[in-house]
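Descriptive analysis of the structure
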Amino acid sequence: MVNMVTPFGIVCCRRNNMYKIGQLAKLADVTPDTIRFYEKQQMMDHEIRTEGGFRLYSDDDLQRLRFIRYGRQLGFSLDSIRGLLSIRIDPEHHTCQESKAIVARRLDEVNGMIAELQTIQRSLERLAATCCGDLHSSACCSILEALEKGEEPQVEICCSKD
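A brief look at the structure comes next. The shown structure was predicted, so the numbers you read here are calculated from the model rather than taken from an experiment.

The rules behind these values
- Counting of residues starts from 1 at the beginning of each chain's written sequence and follows it residue by residue.
- Given that the model is predicted, a residue must reach a pLDDT of at least 70 before its local features are reported, and side-chain atom pairs must reach 80 or more before they are shown or counted; all residues, however, enter totals for whole chains, interfaces and linings.
- For side-chain calculations, the full set of non-hydrogen atoms in the structure is used, while hydrogens and water are omitted.
- Put simply, DSSP H or I for four residues or longer makes a helix, DSSP E for two residues or longer makes a strand, and each gets a number counted from the N terminus.
- Only protein chains enter the calculation, and the probe is 1.4 Å; a residue is then buried if its accessible area is under 20% of its type maximum, exposed if over 50%, and partly exposed in between.
- Two strands make a pair as long as DSSP finds a minimum of two bridges between them.

1. As for unusual backbone geometry
The backbone of Asp29 shows a phi angle near 60°, a positive value even though the residue is not glycine. Topologically, Asp29 is positioned in the loop between helix 1 (21-28) and helix 2 (32-40). You can call Asp29 exposed: its relative accessible area is 64%. At Gln42, a position not held by glycine, the phi torsion is positive, near 60°. For Gln42, the position within the fold is in the loop between helix 2 and strand 4 (48-49).

Have a look at this one:
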């Protein structure tokens, strides 16, 4: 057991575990290829190797990998995650304001996507409302006609019955 301070916070009485890539992947719920990808992206190191040449990873590497994975789950770009990692690793030269700015940009992106999805939802609801949904031929289906025209359907009943 070792008392240590890591870039991911103060840790007391931590074991100094070492993991092979498969073990690390399993603990972080990713694949070994994902770890190799993050190494190629210079988001993770693989400096320690066994005598047989296998990569070894520490508990800090596990924390970093979880940090990256959660950032990806939140939809952050790799560049944004690099920025957040930089802030985490060198807190003396960064502020919480920088972290918040990165999160605020992502939140703005998500809000934009939500607004776009709501617009699509309303359009689909209007499209569905114009179709009678009967078992007749689709020759005069209002959904297909609207898609063909490339515009919102007019408020009318499809295949109006005379």
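2. Observations regarding the sheet that holds strand 4
If you trace the three strands from one edge of the open sheet to the other, you get 3-5-4, paired in antiparallel fashion. Sheet topology places strand 3 (18-19) and strand 4 at the edges, where each strand pairs with a single neighbour. Looking at chain direction, strand 4 and strand 5 (residues 55-58) are connected through two bridges and run antiparallel. When the sheet's bridge partners are listed, Arg49 is paired in strand 5 with Arg55.

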